Amino acid sequence: MSKVLVIAEKPSVGRDIARVLQCPKKLDGALEGGKYIVTWGLGHLVTLCDPEHYDKKYKEWKMEDLPMLPEHMDIDVIRQTSKQYQAVKKQIHRQDVTQIVIATDAGREGELVARWILKKAGSRKPCKRLWISSVTDKAIREGFAHLKDAKNYEPLYHAAVCRAEADWLVGLNATRALTCKYNAQLSCGRVQTPTLAMIAAREQEIRKFVPKPYYGLAVTAGGITFTWRDEKSGSYRTFSKERIQEIQKIISGKKLAITKADAKRKKKQAPLLYDLTELQREVNQKFGFSAKETLNIMQRLYENHKVLTYPRTDSRYLTTDVVGTIRERLQAVNSGAYRDFVVPLLRQKIQGKPSFVNDSKVNDHHAIIPTEQAPSYIHMSNEERKIYDLVVRRFLAVLYPAYEYEETTLTGEISGEKFFARGNRDLTPGWKAVYENRTEDEEEEELKKQNLPEVKQGQEFPVSNVRMTEGKTKPPARFTEGTLLSAMENPVKYMESHDRQMAKTLGETGGLGTVATRADIIDKLFSSFLLEKKGEEIYTTAKARQLLELVPQDLKKPELTAVWEMKLSQIAKGQLSDRKFMGDIREYATELVDEIKKGEGTFRHDNLTNKICPQCGKRLLAVNGKNSRMLVCQDRNCGYRQTVAKMTNARCPVCHKRMELIGKGEDASFVCSCGHKERLSKFQERRKKEGAGVSKRDVQNYMKKQQKEAEVPINNAFADALKNIKL
């Protein structure tokens, strides 16, 4: 009997598919049933070959060997996961397997995972494609009932290959050229370098910023606070103190006449559903989770709990075919805190409104919403529940009617000067009821809203108080992970060219990186010690600032990614030749290397310490990781690193801020920025008395984890390539 082999991207998804397809028999790296065999990758099992595969001379990093431009880019099995690759290959070549179903993640990178495995294994068997947005039993069954022809996705595969090869050619050549030229561990790439440049540009704005004092007037009349507004500029503030003082004198002791009293009934629709970037931004703002943490939590909610749809989406809309499943999704969340909001929706006919259903605004995957599977809260962590709650409430909100209110604006006049007051009166809570009086974030307005009494045009009120208000203009805020994600998604203001077509392309292609890669890019910038955190704010390091001086200008611009993504999108649609694109990339890589060779800059480590590396004897560098302080050997070939202090979740008993854990073993101590110090043993005693003791096992596990992290090589995009550096 012939069988169908299904290749999933990860073991958890593979096991889910195997259960639905009734494949109970355990094999080496696979599960088998009557008709199907299900196997899986561990993410990528195959990748592009290292430079030394093409020529042994590339083992040593030499400027004269650059650029590296292999005629054909070859692929190889990833050594760490080769065992699973062999298990998958064995199933591919079984004689009874007559068809293969690609069931990796439905997207560009998912396509690459499966196709490279099949290519490396030398498979020529016919293929089908499973294309689903959630991994619930129902979605899997429906997906297998409507399998697509894999040939339809070949252009998507070609686009994925071009992305990988282009990043190899540009990233590795530019990184090797910079490292050889300046004798330092410097890496760059078409997404990470413009991201770094945006943060540096913001820092430059802050440094150059000079605060200017501004002034305004607040008048109390008839129990209402009115705000002065400049008739010419329409602003509620002026930079002229003399002008405000003069107006203050003129209006004191006068009456305010109501010249206009406008009451308008207004509607406000629910905010759009979440895509990954918007969710990461909001979670960072509300809970302080990093973009990477949020994505990892979302993956667990998608793969393990199966309660949310595919997280790596850049759409905030649903497609019309999803509307028919909304009732089942509502029934899945019809319990606990959501019951009061779900029951009214289930009593009525559910319709897909244009405000959240739009086929033209969905590419590969629709917005993130709950699945038809009921959640098991007892098996969810606190962090998972927080994110699940955000998604469920946003999903319920779009199904509710608009929030309706009456907005009243009063215009008053005193001696020819105009004054305004504004107030709202709630009429119908609509979708706001879902948030149980928790206000959604709104931009701060110049004109504060207040409860207004009933006032008619022509009424006059004596002015009881005139108060000059003042403040200073503020510099732009430093980036947090949340605001950096937003800037990466829409980097138009950081473009130098101001080209409208380029700006349009950036908007259409989703900015720098993709929803799936942005969190990793930010993490790489931290782990390469190009960024550091102070509280929630992000700062560039001295290494980053020097790198931006040395790197070719082109690599710092968002425009490069705009051009690439536009062309990759055309390749995915079959509108552009992949050969033409890769020809241009080879020329570009050559130009980059030439530009770096001609560079006249210098690089200097300004974070060298007097502490010596125990492995190679060179001086160590003091660096700030994302949540720790470390000593790292300046020699990349050595790779030694030691954690000096790590930020923990332990709270200071004095100021309640998070404390650092410094030292190891019996010498370990907690230290707070407020000055409080406490030995680990004393901390454990205190916590035990408070009823929240930390067991010895907890501490041992923590210390082991710390040691393990200290031994892990620096996780940047070119870590493997950099490890063999010979300077």
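A few points on the structure. (Residues numbered from 1 in each chain as written. Predicted model: local features only at pLDDT ≥ 70, side-chain atom pairs only at ≥ 80, totals over all residues. Heavy atoms only, no water.)

## Thoughts on the overall build of the protein chain
Then step 1. Helices and strands together make up the secondary structure of the protein chain, namely 22 helices and 24 strands.
Then step 2. In summary, the protein chain has a C-alpha radius of gyration of 30 Å against a globular reference of 27 Å for 727 residues, a match within 12%.
Then step 3. Dimensions of the protein chain, computed from C-alpha atoms along their principal axes, come out at roughly 95 × 70 × 65 Å.
Then step 4. Here the protein chain holds 727 residues, and 50% of them are scored as buried.
Then step 5. A sequence separation of at least 24 residues applies to 72% of the contacts in the protein chain between residues at least 6 apart.
Then step 6. Entry remark: accessible area of the protein chain is about 36,000 Å², with carbon and sulfur atoms responsible for 47%.
Then step 7. Side chains of the protein chain give 125 positive and 95 negative charges; the mean places of these two sets differ by 3 Å. (Helix = DSSP H or I, 4+ residues; strand = E, 2+ residues; numbered from the N terminus. Rg over C-alpha atoms; globule rule 2.2 N^0.38 Å. Buried < 20%, exposed > 50% of the residue type's maximum accessible area, 1.4 Å probe, protein only. Contact = heavy atoms within 4.5 Å. Areas by Shrake-Rupley, 256 points an atom, 1.4 Å probe, with all protein chains shown as cover. Lys, Arg positive; Asp, Glu negative; His and termini not counted. Charge placed at Lys NZ, Arg CZ, Asp CG, Glu CD.)

## Description of the sheet that holds strand β20 (residues 628-633)
Then step 1. Pairing within the open sheet is antiparallel, and its 7 strands lie in the order β18-β19-β20-β21-β22-β23-β24. The open sheet is flanked by β18 (608-612) and β24 (677-679), the only strands paired with a single partner. Here the average twist between neighbouring strands, direction ignored, is 30 degrees.
Then step 2. The pairing of strand β21 (residues 641-651) with strand β22 (residues 658-662) spans 4 bridges and is antiparallel. Across the sheet, the residue bridging to Ala-645 is Ile-662, located in β22. (Pairing = 2+ DSSP bridges. Axes fitted to C-alpha atoms, helices over the stretch in contact; angles between N-to-C directions.)

## What to know about unusual backbone geometry
Then step 1. For the bond from Leu-66 to Pro-67, the omega torsion is 5 degrees, close enough to zero to count as cis.
Then step 2. Inspection of the secondary structure puts Pro-67 in the loop between β5 (46-48) and β6 (75-77).
Then step 3. In this structure, Gln-22 takes a positive phi of about 55 degrees despite not being glycine.
Then step 4. Along the chain, the position of Gln-22 falls in the loop between α1 (11-20) and β2 (25-27).
Then step 5. Here the phi dihedral of Phe-529 falls at roughly 60 degrees; this positive angle occurs in a residue that is not glycine.
Then step 6. Structurally, Phe-529 is set in the loop between α16 (518-527) and β16 (531-534).

## Re the packing of helix α14 (residues 481-489) against α16
Then step 1. Their axes nearest at 11 Å, the elements α14 and α16 cross at an angle of 120 degrees. Considering their axes alone, α14 and α16 lie oblique with respect to each other. Relative to α16, the crossing made by α14 is right-handed. From α14, Glu-481, Leu-484, Leu-485, Met-488 and Glu-489 reach across to α16, where they touch Arg-518, Ile-521, Ile-522 and Phe-526.
Then step 2. Residue classes in the contact of α14 with α16 are distributed as 6 nonpolar, no polar and 3 charged. (Parallel < 35°, antiparallel > 145°, perpendicular 65-115°, else oblique. Left-handed = near helix turned anticlockwise from the far one by under 90°. Nonpolar A, V, L, I, M, F, W, Y, C, P; charged D, E, K, R; others polar.)

## Things to note about helix α17 (residues 542-550)
Then step 1. For α17, the full list of buried residues reads Ala-542, Ala-544, Gln-546, Leu-547, Leu-548 and Leu-550.
Then step 2. Where the residues of α17 are buried, they touch α5 (154-182), α6 (192-208) and β17 (537-540).

## Re the environment of Glu-460
Then step 1. Counting through the fold element by element, Glu-460 comes out in strand β15 (residues 460-472).
Then step 2. Along the primary structure Glu-460 and Asn-296 are separated by 164 residues, whereas in three dimensions their C-alpha atoms are 61 Å apart.
Then step 3. In contact with Glu-460, not counting residues within four places along its chain, are Lys-255, Leu-256 and Ala-257.

## A look at the sheet that holds β15
Then step 1. Strand order in the closed barrel formed by 6 strands is β10-β11-β14-β13-β12-β15, with antiparallel pairing between adjacent strands. Strand after strand, the sheet turns through a mean of 35 degrees between neighbouring axes, direction not considered.
Then step 2. In this structure, strand β12 (residues 255-268) lies alongside β15, joined through 3 bridges in antiparallel fashion. Each residue of the ladder has a partner; that of Leu-256, found in β15, is Phe-461.
Then step 3. Against the sheet, helix α7 (residues 241-251) contacts β10 (213-221), β11 (224-229), β13 (403-414), β14 (417-428) and β15, and its axis sits at roughly 15 degrees relative to β10.

## Details of the pattern of salt bridges
Opposite charge on two side chains lets them pair, provided their charged atoms get close.
Then step 1. Counted according to the given criterion, the structure contains 34 salt bridges.
Then step 2. Arg-300 is the salt-bridge partner of Glu-384, the closest N and O atoms lying 2.6 Å from each other. Taken together, the positions of Glu-384 in helix α13 (residues 382-399) and Arg-300 in helix α9 (residues 291-303) put the pair 84 residues apart, joining distant regions of the chain.
Then step 3. Judged by its relative accessible area of 32%, Arg-300 falls in the partly exposed class.
Then step 4. The network of salt bridges with shared partners includes Arg-108, Glu-109, Arg-163, Asp-167, Arg-190 and Glu-565. (Salt bridge = Lys/Arg side-chain N within 4 Å of Asp/Glu carboxyl O.)

## Section: a negative patch on the surface
Then step 1. A surface patch of negative charge is lined by Asp-554, Glu-587, Glu-591, Asp-594 and Glu-595.
Then step 2. Position of Asp-554 relative to the elements: it lies in the loop between α17 and α18 (558-572). (Patch = residues over 30% accessible without salt bridge, like charges linked within 9 Å, V, L, I, M, F, W, Y side chains within 5 Å.)

## Let's talk about the packing of aromatic side chains
Then step 1. Tallying each qualifying case throughout the model produces 10 aromatic pairs.
Then step 2. Taking 6.0 Å as the distance between ring centres and 90 degrees as the angle between the ring planes, the aromatic pair formed by Trp-431 and Tyr-435 counts as edge-to-face.
Then step 3. Owing to a relative accessible area of 2%, Trp-431 belongs among the buried residues under this scheme.
Then step 4. Above the face of the Tyr-214 ring, Arg-237 is positioned so that its terminal group lies 3.7 Å from the ring centre. (Phe/Tyr/Trp six-rings, centres within 6.5 Å; stacked < 30°, edge-to-face > 60°. Lys NZ or Arg CZ within 6 Å of the ring centre and 35° of its normal.)

## Describing the nonpolar core
Then step 1. Residues Ile-92, Trp-116, Leu-178, Leu-555 and Phe-581 are the most contacted members of the largest nonpolar core, which totals 88 residues.
Then step 2. Per-element tally for this core: the top contributor is α5, with 15 residues.
Then step 3. When neighbours within four sequence positions are excluded, Leu-178 is seen to be in contact with Asn-183, Leu-186, Cys-188, Leu-547, Leu-550, Val-551 and Ile-596.
Then step 4. The next biggest cluster of nonpolar side chains, apart from the first, holds 45 residues, and it includes Phe-356, Ile-387, Val-391 and Tyr-403. (Core = buried A, V, L, I, M, F, W, Y, C linked by side-chain atoms within 4.5 Å.)

## Considering the pairing of β20
Then step 1. Among the 6 residues of β20, 5 are classified as buried, and the element is accordingly described as predominantly covered.
Then step 2. Bridge count for β20 against β21 is 5 bridges, and the pairing is antiparallel. Directly across from Ser-628, in β21, lies its bridge partner Lys-646.

## A few points about the packing of α9 against α16
Then step 1. Between α9 and α16, whose axes approach to 8 Å, the crossing angle comes to 140 degrees. The angle between α9 and α16 places the two elements in the oblique class. Seen from above, α9 lies across α16 with left-handed handedness. Residues Ala-291, Lys-292 and Leu-295 of α9 lie in contact with α16, whose contacting residues are Ala-519, Asp-520 and Asp-523.
Then step 2. The class makeup of the residues in the contact of α9 with α16 is 3 nonpolar, no polar and 3 charged.

## Concerning α16
Then step 1. Buried residues dominate α16, accounting for 7 of its 10 residues.
Then step 2. Of all the positions in α16, only Arg-518, Ala-519, Ile-521, Ile-522, Leu-525, Phe-526 and Ser-527 are classed as buried.
Then step 3. The secondary structure elements touched by the buried residues of α16 are α6, α8 (276-287), α9, α14, β16 and β17.
Then step 4. Looking one or two residues past α16, Phe-529 carries a phi angle of roughly 60 degrees, positive in sign.

As far as function goes, none of this settles anything; it's purely spatial.
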